[in-house]
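If you want the building blocks of each chain, they are given just below.
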Amino acid sequence: NGCSVDVYLPDRHNEGYGINMEALDIIYKRGTDLLISVDCGITAVEEVEYANKLGMDIVITDHHQCQTVLPNAMAIVNPRRNLELYNDYQLAGVGVAGKLVQALGGVRALEEYLDLIALGTIADVVPLIGENRIFAALGLEKINANPRPGIEALIEVSRLERGKIDAGRVAFGIAPRLNAAGRMAHPRDGFLLLVAKDLEEARPLADNLEENNRKRQAIEAAVIKEAEELIQKDVDLSSDRIMVLGHENWDTGVIGIAASKLTDKYNRPCLLISISGGEGTGSGRSIEGFDLYKALCSCSELFVRF
């Protein structure tokens, strides 16, 4: 409705994930009055306080676990805040942002973004039940019938057939190529593809993501190979219930996927830590029955941040 809107996507290699002080300074200097987070911010207590001091309002939309103390934001939209009030708490981050759109503009406003919500919901590997299933089904209909140029270009480079796109083809074909932007380069590349106005603009961007995805696969395979060697050398699989592995300069863009594959293979929580300049950046995956977030909270004094 005539608002001047800008987008800021943090570079995971230089900034990590989510809201950070340096980003807030940049965003504020651009003249921003209201910042709406997507898929992050629920633990950003100090950062939100800093934004408040700058005079910038923040609305947080997130689906991650809430801590005891919540940020002092103008509003916090997170279904995990009250599971009795909202039991569809396994919404992906994009689904929570979608609910904000629905609250502001109704179902008709949401319809415009169903393809993106489906894409993000499937890519984030949340259970396709309840509202997630509805988002995925309606969004896949839109993707098959009339995809936006960026998604059509992704379908082409994935060698998929329009009209036959299902959740599996999104998860294993389209999503990895889109995610490759943030893992290997900058996530803005993926954003620019999704907002491309026509195929002429979208195709070169999709080709670039395809190349980045090939690089990602090669680097990921190398990280897994090195992690497997560390497991053989340092892990006693008969007694060690958690695997914590560190290595110099592992690519932080792929250690999460590598940890996920190792967790699946060995059926135990896995944390991979990339060490650079004396500081480690880690990513972990867990199994059902072990809350990795609570485990990290129990020794939070050991971390710079998590």
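First things first, this report covers the structure right here in the doc. Everything numeric in this text was worked out from a predicted model, so none of it was measured.

**Points about the sheet that holds strand E5 (residues 270-276)**
Taken in spatial order, the three strands of this open sheet run E4-E5-E6, and their pairing is mixed. Edge positions in the sheet fall to strand E4 (243-248) and strand E6 (279-285), since each of these pairs with one other strand and no more. Strand-to-strand twist across the sheet, computed as the mean angle between neighbouring axes with direction ignored, equals 20°. Judged from the six bridges that link them, E4 and E5 form a sheet pairing that is parallel. Each bridged residue has a counterpart across the sheet, and for Val244 the counterpart in E5 is Leu271.

**Details of the layout of surface pockets**
A volume near 190 Å³ is recorded for the second largest pocket. Considering the residues around the second largest pocket, the lining is formed by Ile76, Val77, Asn78, Pro79, Arg81, Asn82, Leu85, Tyr86, Leu91, Val96 and Lys99. When contributions to the lining of the second largest pocket are tallied by element, the ones reaching two or more residues are strand E3 (75-77) and helix H4 (93-111). Its residues assigned to classes, the lining of the second largest pocket comprises seven nonpolar, two polar and two charged.

**Digging into unusual backbone geometry**
Glycine aside, residues mostly have negative phi angles, and peptide bonds mostly take the trans form. The backbone of Asp39 shows a phi angle near 70°, a positive value even though the residue is not glycine. By the element assignment, Asp39 lies in the loop between strand E1 (34-38) and helix H3 (45-54). Judged by its relative accessible area of 30%, Asp39 falls in the partly exposed class. Of note, the phi angle at Asn249 is positive, near 60°, even though the residue is not glycine. Among the structural elements, Asn249 can be located in the loop between E4 and helix H11 (255-266).

**Examining empty space enclosed by the protein**
A water-sized probe rolled over the atoms picks out the places where empty space is left. Taken as a whole and assessed by the stated rule, the structure comprises one cavity of 30 Å³ or more. Size it by volume and the largest cavity reaches roughly 50 Å³. Ranked by residue count, the leading element in the lining of the largest cavity is E6, at three residues. Taken together, the residues of the lining of the largest cavity sort by class into two nonpolar, four polar and one charged.

**Side note on the packing of aromatic side chains**
The tally for this structure, following the rule as stated, stands at two aromatic pairs. Between Tyr293 and Phe306, the aromatic rings sit 6.1 Å apart at their centres with planes inclined by 50°, giving tilted as the arrangement. Residue Tyr293 is found in helix H12 (residues 292-297), and its partner Phe306 is found in the segment after H12; the two are separated by 13 residues along the sequence. A relative accessible area of 39% places Phe306 in the partly exposed class. Feature note: the residues Tyr293, Phe303 and Phe306 constitute an aromatic cluster, connected by ring pairs.

**Remarks on the pairing of strand E2 (residues 57-61)**
Buried residues dominate E2, accounting for four of its five residues. Two strands pair when backbone bridges link them, and E1 and E2 are joined in this way by five bridges, in the parallel orientation. Within E2, the residue paired with Leu35 across the bridge is Ile58. Each parallel crossover has a hand, and for E1 linked through H3 to E2 it is right-handed. For E2 and E3, the ladder comprises three bridges, and the chain directions are parallel. The residue bridging Val59 from the neighbouring strand is Ala75, located in E3.

**Topic: the side chain of Thr121**
Structurally, Thr121 can be placed in helix H5 (residues 114-123). Of the residues examined, Thr121 reaches a relative accessible area of 0% and is grouped as buried. Once residues lying within four places of it in the same chain are set aside, the contact partners of Thr121 are Ala92, Val94, Val126, Leu128 and Asn132.

**Looking at the packing of helix H8 (residues 167-184) against helix H10 (residues 199-234)**
The interhelical angle for the contact between H8 and H10, taken along N-to-C directions, is 75°, at an axis separation of 8 Å. With respect to each other, H8 and H10 are oriented roughly perpendicular. Along its contact with H8, which presents Pro176, Arg177, Leu178, Ala180, Ala181, Arg183 and Met184, the element H10 presents Leu209, Glu210, Asn212, Asn213, Lys215, Arg216 and Ile219.

Analysis parameters
Residues numbered from 1 in each chain as written. Predicted model: local features only at pLDDT ≥ 70, side-chain atom pairs only at ≥ 80, totals over all residues. Heavy atoms only, no water. Pairing = 2+ DSSP bridges. Helix = DSSP H or I, 4+ residues; strand = E, 2+ residues; numbered from the N terminus. Axes fitted to C-alpha atoms, helices over the stretch in contact; angles between N-to-C directions. 1 Å grid on protein atoms, 1.4 Å probe; cavity = no way out; pocket = protein on both sides within 12 Å on 5 of 7 lines; lining within 4 Å. Points joined across faces, edges and corners; volume = space filled by probe spheres on them. Nonpolar A, V, L, I, M, F, W, Y, C, P; charged D, E, K, R; others polar. Buried < 20%, exposed > 50% of the residue type's maximum accessible area, 1.4 Å probe, protein only. Phe/Tyr/Trp six-rings, centres within 6.5 Å; stacked < 30°, edge-to-face > 60°. Right-handed = clockwise from strand over helix to strand, strands pointing away. Contact = heavy atoms within 4.5 Å. Parallel < 35°, antiparallel > 145°, perpendicular 65-115°, else oblique.

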